[in-house]
Amino acid sequence: MTPFAIPSRPLRIAAAQAPVAAGDVVANADTAARLVRAAGGGGARVVVLAEKFLTGYEPELIRADPERCAVNGLGDPRLAPVVAACRESGVVAVVGAAVYDGGELFVSALVVDGGGVRARYDKQTLFKAERAVYRHGAAGLTLDVDGWRLGLGVCYDSGFPEHARAAALDGCHAYVVGALFGVGNGYHESRIWFPARAFDNTVYAVLANHVGRTGEWETCGSSAVWGPDGRVVAEAGARDEEIVFADLTPDALHAAREAEPMLRDLRDTGAAPRRAVRAAATPPVPHA
């Protein structure tokens, strides 16, 4: 378990949402680069974009032509505009993509800065039909930016309390997720999952969602940031391109962890033995 240190200074983070083009990595990289510059113009040090932002949520299209419609996991020159935007703005981007690597497809979050793609987190908990197309990720990923530890997730990961808890136990101060939540139940799900992940672990929670249509999904936008007390800090609208900003502060993190000391008081109950007790059978009481 990593010690639960508090960062020494604030970090401004942005969650960006914009429509994407189906399977068009070049077009989507240009959009991502524009959003990175806009986030940097708003003072953000980190910007998060939705699940599969660079490719669109297009499993059949991607499976049929992965070399064209997915990002090359060994290095893809089509991401050069994103790298350049990060270099010019001083922003670290966490951007979603379907990634083709070693003959396998992954749903990934790429960490991009001015030097290129620095790291890749592969989604660990695949959703329904994704399992027929993509491989599960093998490990979590913690990103350190200016002393803030950011635990990365992708969409369905956030529905599992254990995923965010693993990040918190690694000393993370924020749980950062690019996702696809659709109209209908998606907004409801996200507004249960993300405040819970934040409050249970006393971390910030950051969601970047899609807007418009991608694949078979009509999405619900509403990208947002929640504080370590589970309350909304910033929220985008449901339909339009938008960037929301939030300042993650050491004071808010410290206050939340003093008020709700779950991490400090955590014990490894999962490894403890359990006892089973069977209640004695009693005959039914006859009716009068």
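On a predicted model such as this, the values are computed, not experimentally measured, just so you know. (Residues numbered from 1 in each chain as written. Predicted model: local features only at pLDDT ≥ 70, side-chain atom pairs only at ≥ 80, totals over all residues. Heavy atoms only, no water.)

A. Spatial organisation of the environment of Ala-167. Tracing the backbone through its elements, the reader meets Ala-167 in helix H5 (residues 161–169). On the basis of relative accessible area, Ala-167 is assigned to the buried category, the value being 11%. Between the C-alpha atoms of Ala-167 and Leu-141, which are 26 residues apart in sequence, the distance is 8.1 Å. Leave out the neighbours within four places in its chain, and Ala-167 touches Gly-151, Cys-172 and Tyr-175. (Helix = DSSP H or I, 4+ residues; strand = E, 2+ residues; numbered from the N terminus. Buried < 20%, exposed > 50% of the residue type's maximum accessible area, 1.4 Å probe, protein only. Contact = heavy atoms within 4.5 Å.)

B. Focus on unusual backbone geometry. Despite not being glycine, Lys-52 shows a phi value in the positive range, around 50 degrees. When you line up the elements, Lys-52 lands in the loop between strand S2 (46–48) and helix H2 (59–64). With phi around 45 degrees, Cys-155 is a residue other than glycine that occupies positive phi space. Structurally, the position occupied by Cys-155 is in the loop between strand S8 (148–154) and H5. According to the relative accessible area criterion, Cys-155 is buried, its value standing at 10%.

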